[in-house]
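# Chain and residue survey
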Amino acid sequence: MERRKIPFFDYSYVFKSRENEFLSIIKKVGEKGAFIMQEELADFEKNIAKYVGAKYAVGVGNATDGMHLALRVAGIGPGDEVIFCSHTMVATAAAIYFTGATPVPVECGQDHLIDPEAVEAAITSRTKAIMPTQLNGRTADMEALQKIAQKYNLIIIEDAAQALGSKFKGRCAGTFGLAGVVSFYPAKTLGCFGDGGVIFTNDEEIYRKLMMIRNHGKDENGEIVMWGFNSRLDNIQAAILNYKLTYYDKEIARRREIAGLYKKLLKDVEEILLPPGPDDDPDHFDIYQNYEIEAERRDELKKFLEKNGIETMIQWGGKAVHQFEKLGFKVRLPYTEHMFTRCLLLPMNTALSDEDVYYIANKIREFYGYGKI
């Protein structure tokens, strides 16, 4: 088998694949001098809200800001506790921390998403919100989480950074709670050429406050009516995202094809645990932002793949949020900690050909002593 070089994510491919169109968009916006809070942003907010089925969308500088601002306008602050899954990027916890509230980490389940039973067990008299992370392009069991939130009178703010278009029982990630946040970081399924994010909400009052707090606390008349921040989605990025949204469903369809191919080629390898296939569960529509497996001898496998030209990744340096000692968490989460000794991200993006996927899968099969397919 001829050695291939397969990057984990090919950033240049994303631009080069539609270079003329992107340059035309940038030129058009530049010639108008429309860089901040202009028509392109308003159009994109309208279109992205329609795409997920939300009433409102607010473009912000990045998803971390988005989560932070959503929590703030929801009234979360000092003395409150917010429950989140420790299998997430530190941004989720940081967004909580910088409101003055206490982030409370809990276990993930076998699907690598927040465990509803662990959420309910962590609730105290100070708990005010649940922040599930819709990780790797899959939506958590939001029905169970909504029941818990209703039972204890809690707010749900979704970290849907990796899950634009992912669905649970036909409903899009980011639309289950008071607000939900998506990231447009370049490696995301819908990525821009810098930082960016959006907040979804169906609540008119929350929307009104978000529009002000992202722009220095200004109301529609330019009057400062509250303390605010500077976190606005740049107009050029909004224009690029608006264009990319027109073919986003095709991108997701290709990712689902790749996931199905991984499943087909690796399902008999007993040493690894695969994520659910695209047609395994009628309740879930997964977009496969990432393809995260669990693997025996994970570190050895990673090195073997690297020697064969295949880049892989262990999310967040191989640690759950609560394992970063300097952050001061005093909790043990055995299931999550064990999972972090096994988890590995395989390449998952639309730059991959079927031949690339066969090459990756056959190298994994070779490592574990299985025959080539």
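Notes on the structure follow. (Residues numbered from 1 in each chain as written. Predicted model: local features only at pLDDT ≥ 70, side-chain atom pairs only at ≥ 80, totals over all residues. Heavy atoms only, no water.)

What follows deals with the side chain of Ser86. With respect to the secondary-structure elements, Ser86 resides in the loop between β2 (81-85) and α5 (90-97). At 2.7 Å, the side chain of Ser86 forms a polar contact with the side chain of His322. Every residue in contact with Ser86, bar those within four places of it in the chain, is listed here: Pro105, Val106, Ala320, Val321, His322 and Leu333. (Helix = DSSP H or I, 4+ residues; strand = E, 2+ residues; numbered from the N terminus. Polar contact = N/O pair within 3.5 Å; in protein donor to acceptor, adjacent residues only side chain to side chain. Contact = heavy atoms within 4.5 Å.)

Size it by volume and the largest pocket reaches roughly 650 Å³. In terms of lining residues, the largest pocket is bounded by 30 residues, among which Met89, Gln162, Tyr185, Lys188 and Trp316 are the most central. Elements supplying a minimum of two residues to the lining of the largest pocket: α4 (63-73) and α5. Among the elements that make up the lining of the largest pocket, the one with the highest residue count is α4 (3 residues). Residues belonging to the lining of the largest pocket are distributed by class as follows: 15 nonpolar, 11 polar and 4 charged. Space inside the second largest pocket adds up to approximately 260 Å³. Taken together, 20 residues line the second largest pocket, and the ones lying closest to its centre are Tyr13, Val14, Lys244, Glu251 and Thr350. Elements supplying a minimum of two residues to the lining of the second largest pocket: α1 (11-16) and α10 (248-266). For the lining of the second largest pocket, the element with the highest residue contribution is α10, accounting for 3 residues. (1 Å grid on protein atoms, 1.4 Å probe; cavity = no way out; pocket = protein on both sides within 12 Å on 5 of 7 lines; lining within 4 Å. Points joined across faces, edges and corners; volume = space filled by probe spheres on them. Nonpolar A, V, L, I, M, F, W, Y, C, P; charged D, E, K, R; others polar.)

The geometry of helix α11 (residues 298-307) relative to helix α13 (residues 354-367) is characterised by a closest axis approach of 10 Å and an angle of 130 degrees between their N-to-C directions. Between α11 and α13, the angle falls in the class oblique. In this structure, α11 crosses over α13, and the sense of that crossing is right-handed. Contacts from Glu300, Leu301, Phe304 and Leu305 in α11 reach Ile360, Lys363, Ile364, Glu366 and Phe367 in α13. When its residues are assigned to classes, the contact of α11 with α13 shows 6 nonpolar, no polar and 3 charged. (Axes fitted to C-alpha atoms, helices over the stretch in contact; angles between N-to-C directions. Parallel < 35°, antiparallel > 145°, perpendicular 65-115°, else oblique. Left-handed = near helix turned anticlockwise from the far one by under 90°.)

All right, on to the pairing of strand β5 (residues 155-159) then. By the criterion of burial, β5 is predominantly enclosed, with 4 of the 5 residues buried. In this structure, strand β4 (residues 127-131) lies alongside β5, joined through 2 bridges in parallel fashion. Residue pairing for β5: Ile130 is matched across the bridge by Ile156. Considered for its hand, the β-α-β crossover made up of β4, helix α7 (residues 142-152) and β5 is right-handed. Sheet topology note: the β5/strand β8 (residues 179-183) ladder contains 3 bridges and is parallel. For Asp159, the partnering residue across the bridge sits in β8 and is Val181. (Buried < 20%, exposed > 50% of the residue type's maximum accessible area, 1.4 Å probe, protein only. Pairing = 2+ DSSP bridges. Right-handed = clockwise from strand over helix to strand, strands pointing away.)

Further remarks concern the packing of aromatic side chains. Following the criterion strictly, the structure yields 16 aromatic pairs and no others. With a centroid separation of 6.1 Å and an interplanar angle of 20 degrees, the aromatic rings of Phe15 and Phe22 are classed as stacked. We classify Phe15 as partly exposed; its relative accessible area is 26%. Here the aromatic rings of Phe15 and Phe193 are separated by 5.7 Å at their centres, their planes lie at 70 degrees, and the arrangement is edge-to-face. Taken together, the positions of Phe15 in helix α1 and Phe193 in the loop between β8 and β9 (197-201) put the pair 178 residues apart, joining distant regions of the chain. We classify Phe193 as partly exposed; its relative accessible area is 31%. Joined through ring pairs, the aromatic side chains of Phe15, Phe22, Phe193, Tyr243 and Tyr247 make up one cluster. The lysine or arginine in question, Arg18, covers the ring of Tyr247, its NZ or CZ lying 3.5 Å from the ring centre. Above the ring of Phe176, the side-chain terminus of Arg171 is found at 4.8 Å from the ring centroid. (Phe/Tyr/Trp six-rings, centres within 6.5 Å; stacked < 30°, edge-to-face > 60°. Lys NZ or Arg CZ within 6 Å of the ring centre and 35° of its normal.)

The subject of this paragraph is the packing of α10 against α13. Viewed as axis vectors pointing N to C, α10 and α13 meet at an angle of 30 degrees, and their least axial separation amounts to 10 Å. Our classification of the angle between α10 and α13 gives roughly parallel. For the crossing formed where α10 meets α13, the hand is right-handed. Here Arg254, Ile258, Leu261, Tyr262, Lys264, Leu265 and Leu266 of α10 come into contact with α13, specifically with Asp354, Val357, Tyr358, Ile360, Ala361, Ile364 and Arg365. Looking at the contact of α10 with α13 residue by residue, the classes come out as 10 nonpolar, no polar and 4 charged.

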